[in-house]
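Listed below, chain by chain, are the residues.
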Amino acid sequence: MKGGIIHLVMPAHLRTLAGVSGDVTVKVEGEVTRRSILDALETQYPMLRGTIREHVSGERRPFLRFFACSEDVTHQSPDEPLPPEIASGTEPFFIIGAIAGG
Amino acid sequence: MSNVRVLVGTRKGAFILTSDGKREKWDVSGPHFAGWELYHLKGSPADPNRLYASQTSGWFGQIIQRSDDGGKTWFQPGTPAGEPTISPEGMPKGESNKFVYDTSPETGKPLTTHQWYDGKPHPWEFKRVWHLEPSLDDPDTVYAGVEDAALFRSTNGGQTWVELPGLRGHGTGAQWQPGAGGMCLHTIILDPKNRERIFVAISAAGAFRTDDGGTTWKPINRGLHSQYIPDPTAEVGHCVHHVAQHPANPNLLYMQKHWDVMRSEDAGDTWHEVSGNLPTDFGFVIDVHPHEPETIYVVPIKSDGEHFPPEGKLRVYRSRTGGNEWEALTKGLPQENCYVNVLRDAMAVDSLDQCGVYFGTTGGQVYASPDAGDSWAPIVRDLPAVLSVEVQVFS
């Protein structure tokens, strides 16, 4: 599905860095994929660059995971199209910190 | 009237402790950046209200924070939210958390590898900033010591960072290996009398010096003896924990090595041991009295396997003779059942006439002595584990 206003849920520490108090929305042009969502997020909130994906490699930081429509899409290709519910904004795209520690 | 500001980095945020010159009553602000590891905060000698902070997370990586008002407000000195990350000329704007090793053939060195714990080659990987050292003259210039060990510099207030690749690439890098805390560049000393001279220390590689502003570097480890490495007197491979310099006599350096307290009178060209009568010469911190080059402070720790004070007694040891002869300073410090550690960047001295000495513990206490170590009192008792302590005096 092409383009849309994406609803994003982020960990609290990333919301603090971005200066937002709740969930955020970003506008994606073209195919809605993990890569296009994160590109749009980092353009809107440049202080998040490097905190979700490594600066140079663009690889996901190891302790972060991604969920869409109750599915773990962490290990899908970043260019895999996401479900239409994500592209339409009716379901949020989740960025989740892996649970570690007690 | 002078005021004192103590900058405390902890495992779960930063705290700023302020007092007047008497250093009896303290205001505590924080936690700043709650929940994040604050490896180090330090103020600019040229502008005491300019502070830099290293904020890190295993989840989200490295963040650099800056304050221009003495810690009241903070910001990431990169591109502000809502602004394009590319300038109209096509140049990338600030990315204050972007630390990229210089691998260019023109100015850098191929990354190659360093040694892993088991001696195998391991690629260089940026993990975090351990230490920030602002320039003595320019508030916008600041150095960053990072893990995996390298030295970076920003000349625009922390917006962008460039490696000084001559250190990592000078020739011994393939022999460097991580200490227990990682392969970190933790000590940066800018020589106050020779602006071209910088000292750094890396665990576990050793100490290094440049005399040309950071272009070329050499190891300065002659005299160090480390029995836990294959060649105990090797040129590199020593686990240096911290180095301190007296600003009035910048050739005089003191070092707390993994084991051994060391002294150099020739800017690190040669070292000799001054552990003397210390109960143990393992430890992390070392610092020098601001007005007395021969007065130094350490906190002995039992051993590399038992990171707490011997006999459960928290004691600062002071030498007034440049080492070898040490006295225990105990007044106001717990003398039973104390099993905290004092990490390498967690001691500082202020520059008031009656010198103040400060240190923080992994138990969350920050102790202050307003009388050069004769007596101590906790400023705070229950912070998260303290990673770093720095102090500023300002009017």
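This is a predicted model, so every value here is computed, not measured.

About the thresholds
Residues numbered from 1 in each chain as written. Chains lettered and ligands numbered in written order. Predicted model: local features only at pLDDT ≥ 70, side-chain atom pairs only at ≥ 80, totals over all residues. Helix = DSSP H or I, 4+ residues; strand = E, 2+ residues; numbered from the N terminus. Rg over C-alpha atoms; globule rule 2.2 N^0.38 Å. Buried ≥ 20, exposed ≤ 12 C-beta atoms within 10 Å, placed from the backbone. Contact = placed C-beta atoms within 7 Å. Nonpolar A, V, L, I, M, F, W, Y, C, P; charged D, E, K, R; others polar. Pairing = 2+ DSSP bridges. Core = buried A, V, L, I, M, F, W, Y, C linked by C-beta atoms within 7 Å. Axes fitted to C-alpha atoms, helices over the stretch in contact; angles between N-to-C directions. pLDDT = per-residue confidence, 0-100.

(A) Fine view of the overall build of chain A. A count of helical and extended segments in chain A gives 3 helices and 5 strands. Listing each helix as α and each strand as β along chain A from the N terminus yields β-α-β-α-β-β-α-β. Scaling as 2.2 N^0.38, a compact globule of 102 residues should have a C-alpha radius of gyration of about 13 Å, and chain A matches this with 13 Å. Once the C-alpha set of chain A is aligned to its principal axes, its extents read approximately 40 × 25 × 25 Å. With 102 residues in all, chain A has 31% of them scored as buried. For chain A, the share of sequence-separated contacts (at least 6 apart) that also reach a separation of at least 24 residues comes to 60%.

(B) Examining the overall build of chain B more closely. Within chain B, the secondary structure is distributed over 1 helix and 29 strands. Relative to its length of 395 residues, chain B is compact, with a C-alpha radius of gyration of 20 Å against a globular reference of 21 Å. When the 395 residues of chain B are sorted by exposure, 52% land in the buried category. For chain B, contacts bridging at least 24 residues in sequence account for 50% of all contacts bridging at least 6.

(C) Examining the interface of chain B and chain A more closely. Facing 17 residues of chain B, the contacting portion of chain A comprises 18 residues. Residue composition of the side of chain B that touches chain A, by class: 6 nonpolar, 9 polar and 2 charged.

(D) Here's a closer look at the environment of A:Asp72. Residue and element names in this part refer to chain A. Topologically, Asp72 is positioned in strand β4 (residues 71–72). For Asp72, a count of 12 C-beta atoms within 10 Å puts it in the exposed group. Each C-alpha atom, one on Asp72 and one on Phe94, is 9.4 Å from the other, the two residues being 22 residues apart in sequence. Those residues in contact with Asp72 that lie beyond four places of it in its chain are Arg65 and Phe67.

(E) Fine view of the environment of B:Ala248. Residues and elements named next belong to chain B. The topology assignment puts Ala248 in the loop between β17 (240–246) and β18 (249–257). Assessed through the 13 C-beta atoms surrounding it within 10 Å, Ala248 is described here as partly exposed. Between the C-alpha atom of Ala248 and that of Pro290, which follows or precedes it by 42 residues, the distance is 8.5 Å.

(F) Looking closely at the sheet that holds strand β5 (residues 93–97) of chain A. All names here are of chain A. Here 5 strands make up an open sheet; going across it, the order is β2-β1-β5-β3-β4 and the pairing mixed. Whereas interior strands pair on both sides, the edge strands pair on one side only; in this sheet they are β2 (24–31) and β4. Both strand β1 (residues 2–9) and β2 contribute to a ladder of 6 bridges, which runs antiparallel. By the bridge assignment for β2, Lys2 is matched with Glu31.

(G) Structural detail: the nonpolar core. Counting 131 residues, the largest nonpolar core has B:Val6, B:Val8, B:Val200, B:Val243, B:Tyr358, B:Val366 and B:Val389 as the members making the most contacts within it. Discounting residues that sit within four places of it in the chain, B:Tyr358 has contacts with B:Val6, B:Met347, B:Ala348, B:Val366, B:Tyr367, B:Ala368, B:Val389 and B:Val391.

(H) Structural view of the pairing of strand β23 (residues 316–319) of chain B. Residues and elements named next belong to chain B. Residues Val316 and Arg318 of β23 are buried on one face, and the alternating residues Tyr317 and Ser319, pointing to the opposite face, are buried as well. In the sheet, strand β22 (residues 296–301) pairs with β23 via 3 bridges, with the strands oriented antiparallel. Note that in β23 the partner of Val298 across the bridge is Tyr317. Note that β23 and strand β24 (residues 327–329) share 3 bridges and pair antiparallel. By the bridge assignment, Val316 is partnered in β24 with Leu329.

(I) Representation of the pairing of strand β6 (residues 61–67) of chain B. All names here are of chain B. Of all 7 residues in β6, 6 are buried; the element is thus mostly enclosed. As paired strands, strand β5 (residues 51–57) and β6 are joined by 7 bridges and run antiparallel to one another. Each bridged residue has a counterpart across the sheet, and for Ser54 the counterpart in β6 is Ile64. Counting the residues that bridge the hairpin from β5 to β6 gives 3 residues.

(J) Focus on the sheet that holds strand β3 (residues 27–32) of chain B. Residue and element names in this part refer to chain B. Read across the sheet, 4 strands follow the order β3-β2-β1-β29 without closing on themselves; strand pairing throughout is antiparallel. Taken across any chain shown, the strands that pair with only one partner, and hence form the sheet edges, are β3 and β29 (386–394). Strand after strand, the sheet turns through a mean of 15 degrees between neighbouring axes, direction not considered. One ladder, built from 4 bridges, connects strand β2 (residues 13–20) with β3; its direction is antiparallel. Across the sheet, the residue bridging to Leu17 is Val28, located in β3.

(K) How the structure looks around unusual backbone geometry. Residues and elements named next belong to chain B. Between Gly30 and Pro31 the backbone carries a cis peptide bond, its omega angle lying at 0 degrees. For Pro31, the location among the structural elements is in strand β3. Cis geometry marks the peptide bond from Ser203 to Ala204, where omega comes out at 5 degrees. On the secondary structure map, Ala204 appears in the loop between β14 (198–203) and β15 (206–210). Its identity as a non-glycine residue notwithstanding, Ala267 has a phi of 60 degrees, on the positive side. C-beta crowding within 10 Å serves as the criterion here: with 18 such atoms nearby, Ala267 is assigned to the partly exposed category.

(L) Structural view of the confidence of the model for chain B. Here chain B shows a mean pLDDT of 94. Residues at 70 or above account for 96%. Predicted complex, confidence summary: ipTM 0.89, pTM 0.94.

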